[in-house]
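Chain by chain, the residues:
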Amino acid sequence: MPAPTAQVSPPRLDQTFVTGAIQTSGGPVPCVSSSLTGRDVLGSVRVRFGFGRMHYTVDPGLYAIGNPRPDDPVFVSANYKLSFDKLREVLQGRNGWILVLDTKGINVWCAAGKGTFGTEELIQRLSSSNLGQIVSHRTLILPQLSAPGVAAFEVTKRSGFKVVYGPVEASDLPSFLDAGLQATPAMRTKTFPAVERLVLVPVEVVSAVEKGIVVLALLFLAGLLLSKGSFDEALHHTYTAMVALILGIAAGVLCTPLLLPWLPGRSFSMKGLLPGIAGAVLFFLIQTNEGARNGTLEFYAWLLLIPALSTYLAMNFTGSSTFTSLSGVKKEMRWAVPLQVAGASCGLALWLTSFFIH
Amino acid sequence: MKTLIYLPDVVTLALAPHKCTGCGTCLLVCPRAVLTMPNGAVEISNRDACIECGACQRNCPFGAITVKAGVGCAAAVINSFLGRKSACCTLPSDDPSCGPGCC
């Protein structure tokens, strides 16, 4: 038997959630806290709004939680800090080992889909972390949603470790452990409740607003050119555009996700149509009240562009949802994208034409 | 709450019943309760709930269940169509080493 060696490139001890290190037969292992600090919570809010989301990581490798002994369970997780934090939080008051895979900072499910939370990475991490020398058993608990990337039978064949798939949600992990590693059918099913749809909204809003600002800048420049340098006129058109874009974005990335189960249609583009029409009606009412440029082509342009934008943004929510398939998305896009492009082109043409017909 | 279902009759999930040994692993990993095992062999009983995540295929030691796995993400389809290899979300089949980020 080889002499005990420390894990290869072990996780750094100066990460904020590391409280110390415990000595094991396979070298020192960083110990993590199971309570989240204000800083952890702020960090998760920040990434929910899309800021620094691609670099919210923890070091891959083996960690200890509580005061684990060699016979305590091993949990495998992704190195997206949001996933890791959720896991250590639900393990409060328990002892165990956490093996963090290098998923390039991506959450468990998406990383499994991409293959970074996969058989190869798991087998390599098992060997580089020295886990075999540290624990006395040969069982790994993986999140069920990692199954698209991990072939359990292959892991067993090549590493000797048996893979047990835990529940879909980390919050069910305590019940799963207390039931002797048994999950109820409900724990094995991915749902998409309103709360979960709601937390996905901020990142979509931020991303849409960022693009919206670019569009407004372009429209302002176009307005400036087409109105022969009239700053006031260009500003007025840009303001109208801003109101319209806000309505379109609200319809597509806020109303559609929240009302998803009740909106008519199966495809997301269709689901985004009704909120888009509602947005256009609201635009119509706002403009009528102000009495500004009502009845002009510019106005009709936005009545067309708001629903087009809404259905496009709704279609893009397929990636955030948990019940769409690639085949379905491709089928939807085959008819939806041409219609969206046609709607947007007609709208843009009307908008441009409006500068020549007063 | 009731399960949300996407488009009907569209997924590529397929079963080769003669290869199935009834081990039940696919039932365990499916997050959408698509499969059942009423008589010792797996059956597809809720096809339209399938999201083509590929968990069943990946974990079947006998190749009894197959699906063209992928992510149901319009942005990924658009990015792949436009050839944006470094974009945050692409179809994994196009480039397994593509940059960080998705969803």
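Residues numbered from 1 in each chain as written. Chains lettered and ligands numbered in written order. Predicted model: local features only at pLDDT ≥ 70, side-chain atom pairs only at ≥ 80, totals over all residues.

Asks: Honestly, the overall build of chain A in this entry has me stumped. Any pointers?
Replies: Within chain A, the secondary structure is distributed over 14 helices and seven strands. Taking 21 Å as the expected radius of gyration for a compact globule of 358 residues, we find that chain A reaches 26 Å, considerably beyond that expectation. In terms of principal-axis extent, the alpha carbons of chain A reach across some 90 × 40 × 30 Å. The 358 residues of chain A split such that 44% are buried. (Helix = DSSP H or I, 4+ residues; strand = E, 2+ residues; numbered from the N terminus. Rg over C-alpha atoms; globule rule 2.2 N^0.38 Å. Buried ≥ 20, exposed ≤ 12 C-beta atoms within 10 Å, placed from the backbone.)

Asks: For this particular structure, what's the right way to read the interface of chain B and chain A?
Replies: Size of an interface, as often reported, equals the accessible area lost when the parts are brought together. Taken together, the contacts link 40 residues of chain B with 45 residues of chain A. Of all the elements in the fold, those that place two or more residues in the side of chain B that touches chain A are helix H1 (25-29), helix H2 (55-59) and helix H3 (74-81) of chain B. Considering every element that reaches the side of chain B that touches chain A, the biggest residue donor is H3 of chain B, with four residues. Classifying every residue of the side of chain B that touches chain A gives 29 nonpolar, seven polar and four charged. (Contact = placed C-beta atoms within 7 Å. Nonpolar A, V, L, I, M, F, W, Y, C, P; charged D, E, K, R; others polar.)

Asks: Any chance you could explain unusual backbone geometry here in plain terms?
Replies: Excluding glycine, residues mostly have negative phi values, and the peptide bonds linking residues are mostly trans. We note that Lys104 of chain A has phi near 60 degrees; this positive angle belongs to a residue other than glycine. Along the chain, Lys104 of chain A falls in the loop between strand S5 (96-101) and helix H3 (108-114). In this model, Glu52 of chain B sits at a positive phi of 55 degrees, which is unusual for a non-glycine residue. Positionally, Glu52 of chain B belongs in the loop between strand S3 (43-44) and H2.

Asks: How should the confidence of the model for chain B be read in this particular structure?
Replies: Low-confidence regions, as indicated by low pLDDT, have predicted coordinates that should not be scrutinised in detail. Residue and element names in this part refer to chain B. For chain B, the average pLDDT comes to 85, and 80% of its residues sit at 70 or higher. Confidence, expressed as mean pLDDT per element, reaches its minimum in chain B at H3 with 90 and its maximum at H2 with 97. Confidence drops under pLDDT 50 across residues 93-103; counting only partners more than four residues distant or on other chains, this segment forms 27 contacts. Here the predicted complex scores 0.89 on pTM and 0.88 on ipTM. (pLDDT = per-residue confidence, 0-100.)

Asks: Would you mind showing me how to read the environment of Gly43 of chain A here?
Replies: Residue and element names in this part refer to chain A. Among the structural elements, Gly43 can be located in helix H1 (residues 38-48). The exposure class of Gly43 is partly exposed, given the 19 C-beta atoms found within 10 Å. Considered as a pair, Gly43 and Tyr56 are 13 residues apart in the sequence and their alpha carbons are 8.3 Å apart. With residues near it in sequence (within four places) discarded, Gly43 still touches Tyr56 and Lys81.

Asks: In this structure, what is going on with the packing of helix H13 (residues 297-316) of chain A against helix H14 (residues 326-353) of chain A? I would like to understand it.
Replies: Axis angle and axis distance: for two packed helices, these are the angle between their axes and the distance between the axes, and together they describe the pair. Residues and elements named next belong to chain A. One way to put it is that H13 packs onto H14 with a least axis distance of 8 Å and a crossing angle of 155 degrees. When the axes of H13 and H14 are compared, the pair comes out roughly antiparallel. The element H13 and its partner H14 pack so that their crossing is left-handed. The segment H13 lies against H14, with Leu297, Glu298, Tyr300, Ala301, Leu304, Leu305, Ala308, Thr311, Tyr312 and Met315 engaging Glu332, Ala336, Gln340, Gly343, Ala344, Cys346, Gly347, Leu350, Trp351 and Thr353. Grouping the constituent residues of the contact of H13 with H14 by class yields 13 nonpolar, five polar and two charged. (Axes fitted to C-alpha atoms, helices over the stretch in contact; angles between N-to-C directions. Parallel < 35°, antiparallel > 145°, perpendicular 65-115°, else oblique. Left-handed = near helix turned anticlockwise from the far one by under 90°.)

Asks: Sorry, what's going on with the sheet that holds strand S3 (residues 61-65) of chain A here?
Replies: The pairing of strands in a sheet comes from backbone hydrogen bonds and takes either a parallel or an antiparallel form. All names here are of chain A. The strand order S1-S2-S3-S5-S4-S6-S7 describes an open sheet built from seven strands, whose pairing is mixed. A strand with exactly one partner marks an edge of an open sheet, and here the two such strands are strand S1 (18-24) and strand S7 (162-165). On average, each strand axis in the sheet is inclined to that of its neighbour by 35 degrees, with strand direction left out of account. Note: S1 against strand S2 (residues 27-32), six bridges, orientation antiparallel. Bridging from a neighbouring strand, Thr24 pairs with Gly27 of S2. Lying over the sheet, helix H2 (residues 81-90) contacts S2, S3, strand S4 (74-78) and S5, oriented at roughly 155 degrees with respect to S4. (Pairing = 2+ DSSP bridges.)

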